[in-house]
Amino acid sequence: MGIIVQKFGGTSVADAQKIHNAANAVIREKENGNDVIVVVSAMGHTTDHLIKLAKEITPNPDSRELDMLLSTGEQVSIALLAMAVQSGGYKAISLTGQQVGIITENIHSKARIVNIKTEKLKQFLNQGNIIIVAGFQGITEDGEITTLGRGGSDTSAVAIAAALNAERCDIYTDVEGVYATDPRIVPNIQKTDVISYEEMLELARVGANVLHPRSVETAKQFNVPLRVRSSFKLDNMGTLIIGVDNMEIYKPVAGVASDSSQVRILLSNLPDIPGTAAKLFGALAQNNISVDMIIQSLARNGENSIAFTVAEEDLNATLETIKNQKDIILTGEILTDNDIAKVSIVGAGMVDRPGIAASMFRALSEKNINIKMISTSEIKISCLVEKNNAKDAIKALCKEFGLESSEEAVVKGDLPDV
C-alpha cells in the first residue's frame, strides 16, 4: 500500500476523548496496510487564546515572538496524539515542523513553504512509525521558527503529501464532507460527493470555511487527491477533491459561499491618465495587501473613480498606503464601506452555459437584495450585498440552483477550522 496523510483540525483534537477518536482513525488507516503521517492543529481554540494573551501584554506583539508563541500550541496536540496512538499498541513519534525540516520563506505570521526535507520522514516510516507532525509551522534556512498563517495546518498536510507522493490526503473535521453552502444557514443543504480542485479553490477564496485556498492550490499543482471526512463517522468517505478532467459535471453550480470579512474602498476624483491604477495597486502589492474586487468608473472631466475590496484586517494598512500616494489622490475623496458581504456562486458547469448570471441576479432581486458590485471568472460570479442580506442571499441562491436536500446536514461542532 502507499502513504496516506491525515490532518486533524483543532476541533477534532479539542479534548482527551476527541484525541482518542483521532487516534482510532489513525490506527484504522494503519491497519489498512498504509504508512500514515498525521498533521495536527493546536487543540480547540488554543491559537486564539495565545493571540489574546499576547495582546494583553502588548497591542502590537512582535511578529517573530508571536510565531515563537503560537508554534507551541501544536506541540501539545502532537505529543498527546502520539501518546494515544502508542496506547493503542502502535509505534508513533511526534515531530515539530523544525524537526521534520519544513523550510519556509523568511516571513513571520504568513510564511509559505518552499521545501520539505523528507529524509527523516522516510526514516521513521521505514521503522514502522506512525508520524505525528505539527501543522501550521516551519523554519527558515537560518533557523527562525515561522507560522504559515490561516489554513496553515491544511497546507502543511497537503505539502507533505506532495513531497512524499502520497496516495491521498484526508482532512478530518466535524462535518461529513463539503456542502454546497454553510449547513448552519441552510440545514437541508446537499453534501457534495466529488468536487474539482478548481471549484473548491474558488469556494475557498470566496469564503467557504472548509479548506484554505493555499492547501487546494498545492493539491492542484501536485495532483494530490484530497478527501474531507468526518472525525466521527469513519466509514463515511466524505467528499473527494480531484481534477475537473477526472469528473462528470452535472450541475452548473456546485456551491454558494459568502465572505463578510471584507471592506469596500472608493477613491473618487482620480486623474484619468495612464499609470494611475498601476501606481495605486502596485503600492498595495508592495505592502503585501491583496485586493479582491475592482471596478473603475467611466471617466468624466479628466477624472474617474475606482472601487475595490480588501480584507478588513488590511484596512488600516491600505488607507495608509493610499494616503502616501499623493500624486495619485490629489484632491480625491476616500470612502470606506464595512457593511458588505461578498456572496458567490461557483461551478465548473457554468462554463459555456448561458443564463447563470441572469438567474443569480433574478433570485436576488426577488428577495429585494441590492447588488453593489459584481465580479466574474470562468467558474464564479460574486456580488457585493449589504451584510445583513447575506444569509437571505445564500438561501435564495441555493433554492434557485437546486442545491437543497431532503435531509438535514449533521454538524457535531464548529465547521472545519482553517
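Here goes a summary of the coordinates provided. Fair warning: this is a prediction, and the values are worked out from it, not measured in the lab.

Scoring rules and cut-offs
- Residues numbered from 1 in each chain as written.
- Predicted model: local features only at pLDDT ≥ 70, side-chain atom pairs only at ≥ 80, totals over all residues.
- Heavy atoms only, no water.
- Pairing = 2+ DSSP bridges.
- Helix = DSSP H or I, 4+ residues; strand = E, 2+ residues; numbered from the N terminus.
- Axes fitted to C-alpha atoms, helices over the stretch in contact; angles between N-to-C directions.
- Phe/Tyr/Trp six-rings, centres within 6.5 Å; stacked < 30°, edge-to-face > 60°.
- Buried < 20%, exposed > 50% of the residue type's maximum accessible area, 1.4 Å probe, protein only.
- Salt bridge = Lys/Arg side-chain N within 4 Å of Asp/Glu carboxyl O.

## A few points about the sheet that holds strand β14 (residues 239–242)
In a beta sheet, neighbouring strands are held together by backbone hydrogen bonds and run either parallel or antiparallel to one another.
Link 1 in the chain: If you trace the eight strands from one edge of the open sheet to the other, you get β3-β6-β2-β1-β9-β13-β14-β12, paired in mixed fashion. Where the open sheet ends on each side, the last strands, each with one partner, are β3 (92–95) and β12 (194–196). Taken over all neighbouring pairs, the strand axes of this sheet differ in orientation by 20 degrees on average, direction set aside.
Link 2 in the chain: Bridge count between strand β1 (residues 3–8) and strand β9 (residues 168–173): five bridges; the pairing is parallel. Bridge pairing in β9 links Val-5 to Cys-169.

## Focus: the packing of aromatic side chains
Link 1 in the chain: This structure, assessed with the given rule, holds two aromatic pairs.
Link 2 in the chain: Between Phe-8 and Tyr-172 the ring centres are 4.7 Å apart and the planes differ by 15 degrees, which places this aromatic pair in the stacked class. Taken as a pair, Phe-8 in strand β1 and Tyr-172 in strand β9 lie far apart in primary sequence, 164 residues in all.
Link 3 in the chain: By relative accessible area, Phe-8 is classed as buried at 0%.
Link 4 in the chain: For Tyr-172, a relative accessible area of 2% corresponds to the buried category.

## Focus: the pattern of salt bridges
Link 1 in the chain: Applying the stated rule across the entire model yields 17 salt bridges.
Link 2 in the chain: Notably, a salt bridge pairs Glu-144 with Arg-64, separated by 2.6 Å at the nearest N-O pair. You can see Glu-144 sitting in the loop between β7 (137–139) and β8 (145–147) and its partner Arg-64 sitting in helix α3 (residues 63–87), a full 80 residues away along the chain.
Link 3 in the chain: Judged by relative accessible area, Arg-64 falls into the partly exposed class, the value being 30%.
Link 4 in the chain: Asp-170 is the salt-bridge partner of Arg-168, the closest N and O atoms lying 2.7 Å from each other. Each member of the pair, Arg-168 together with Asp-170, is buried.
Link 5 in the chain: A cluster of three or more residues bridged by salt bridges with shared partners is formed by Glu-29, Arg-168, Asp-170 and Arg-229.

That is the geometry; function is a separate question.
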